[in-house]
Amino acid sequence: DFLNDLMPWVDKTYRTLPGAANRAIGGLSMGGGQTVAISFSHPDLFPYIVVMSGASGANPDQTYPDFFKDAAATNKKVKLLWMGVGKDDPLAGTAAKSLDEALTKAGIKHQFVVGEGRHEWVVWRHHLNDVAPLLFK
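Please read all numbers here as calculations on a predicted model, not as lab measurements.

Student: Go over the pattern of salt bridges, please, and point to the residues and values.
Tutor: Should the charged atoms of two oppositely charged side chains come close, the side chains can pair. In total, this model carries four salt bridges according to the counting rule given. The salt bridge partner of R23 is D11, with a shortest N-O separation of 3.1 Å. With a gap of twelve residues between them, R23 in the loop between α1 (2–13) and β1 (24–28) and D11 in helix α1 connect regions that are remote in the sequence. Taken individually, R23 and D11 each receive the classification buried, so the pair is uniform in this respect.

Student: I'd like to hear about the packing of aromatic side chains, residue by residue, with values.
Tutor: Scanning the entire structure with this criterion turns up seven aromatic pairs. Their ring planes at 85° and their centres at 5.8 Å tell us that W9 and Y14 sit as a pair that is edge-to-face. With relative accessibility at 49%, the residue Y14 sits in the partly exposed group. Summarising the aromatic geometry, the rings of F40 and F68 are spaced 6.1 Å apart at their centres and angled 70° between planes, so their arrangement reads as edge-to-face. In this pair, F40 sits in helix α2 (residues 30–41) while F68 sits in helix α4 (residues 65–69), placing the two residues 28 residues apart along the sequence. Across this residue pair, the class does not change: F40 and F68 are buried. One aromatic cluster is present, built from ring pairs that chain together F40, Y64, F67 and F68.

Student: Lay out helix α7 (residues 121–131) in plain terms, naming residues and giving numbers.
Tutor: Along α7, the residues classified as buried are V123, W124, H127 and V131. Across the axial projection of α7, the buried residues extend over an arc of 90°, all falling on one side. Projecting away from the buried face of α7 at angles above 90 degrees are the exposed residues W121, R125, H126 and N129. Its buried side turned inward, α7 meets β1, β2 (48–52), β3 (80–86) and β4 (111–115).

Student: Tell me about the environment of L134, and name the residues and values.
Tutor: Along the chain, L134 falls in the segment after α7. The class for L134 is partly exposed, based on a relative accessible area of 31%. Among all residues touching L134, those that are not within four sequence positions of it are L80, W82 and Q111.

Student: How would you summarise the side chain of S53 if you had to cite specific residues and measurements?
Tutor: Following the sequence through the fold, S53 ends up in the loop between β2 and α3 (60–63). Residue class for S53 comes out buried when judged on its relative accessible area of 1%. For S53, the contacting residues outside a window of four places in its chain are S29, G84, V85, G86, D89, A92, H119 and W124.

Student: Give me the sheet that holds β3: which residues, what numbers.
Tutor: Pairing within the open sheet is parallel, and its four strands lie in the order β1-β2-β3-β4. Each edge of the open sheet carries a strand with a single partner, namely β1 and β4. Between one strand axis and the next, the sheet turns through 10° on average, direction left out of account. The pairing of β2 with β3 spans five bridges and is parallel. Residue pairing in the sheet places Y48 in a bridge with L80 of β3. Where α2 meets the sheet, its contacts fall on β1, β2 and β3, and the angle it forms with β1 comes to roughly 150°. Where α7 meets the sheet, its contacts fall on β1, β2, β3 and β4, and the angle it forms with β3 comes to roughly 155°.

About the criteria used
- Residues numbered from 1 in each chain as written.
- Predicted model: local features only at pLDDT ≥ 70, side-chain atom pairs only at ≥ 80, totals over all residues.
- Heavy atoms only, no water.
- Salt bridge = Lys/Arg side-chain N within 4 Å of Asp/Glu carboxyl O.
- Helix = DSSP H or I, 4+ residues; strand = E, 2+ residues; numbered from the N terminus.
- Buried < 20%, exposed > 50% of the residue type's maximum accessible area, 1.4 Å probe, protein only.
- Phe/Tyr/Trp six-rings, centres within 6.5 Å; stacked < 30°, edge-to-face > 60°.
- Arc of directions from axis to C-beta.
- Contact = heavy atoms within 4.5 Å.
- Pairing = 2+ DSSP bridges.
- Axes fitted to C-alpha atoms, helices over the stretch in contact; angles between N-to-C directions.

All quantities given are derived from atomic positions and should not be read as evidence of function.
Written out as structure tokens, the structure reads:
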């Protein structure tokens, strides 16, 4: 698969610490949704996941059955799954809350932060400040 082939190239080409233990993936808004799609499909590659004002589509447990089917296995692979959204976010708020509920129901460890604000940079700046110290612990 493309990502499994890409990661060794990234480690060889760029000055990185090799291996999944040294990788994080994150995004905001549409990039947050893409982060869910990539990381939930490849939890072995990305143990640190940050989703800001993004979510998956309906029924994430059906969209990503391998991620949801064995919470113990997923919790072992994923060191941090952090999600944040503004409480007045009209674009991602409802979907982010639904993803939080699906993860909670499945027993997948994650942090879900609802802060002040809407779908805007001021929210993401605060979220980045909160989540950055939690990476690579």
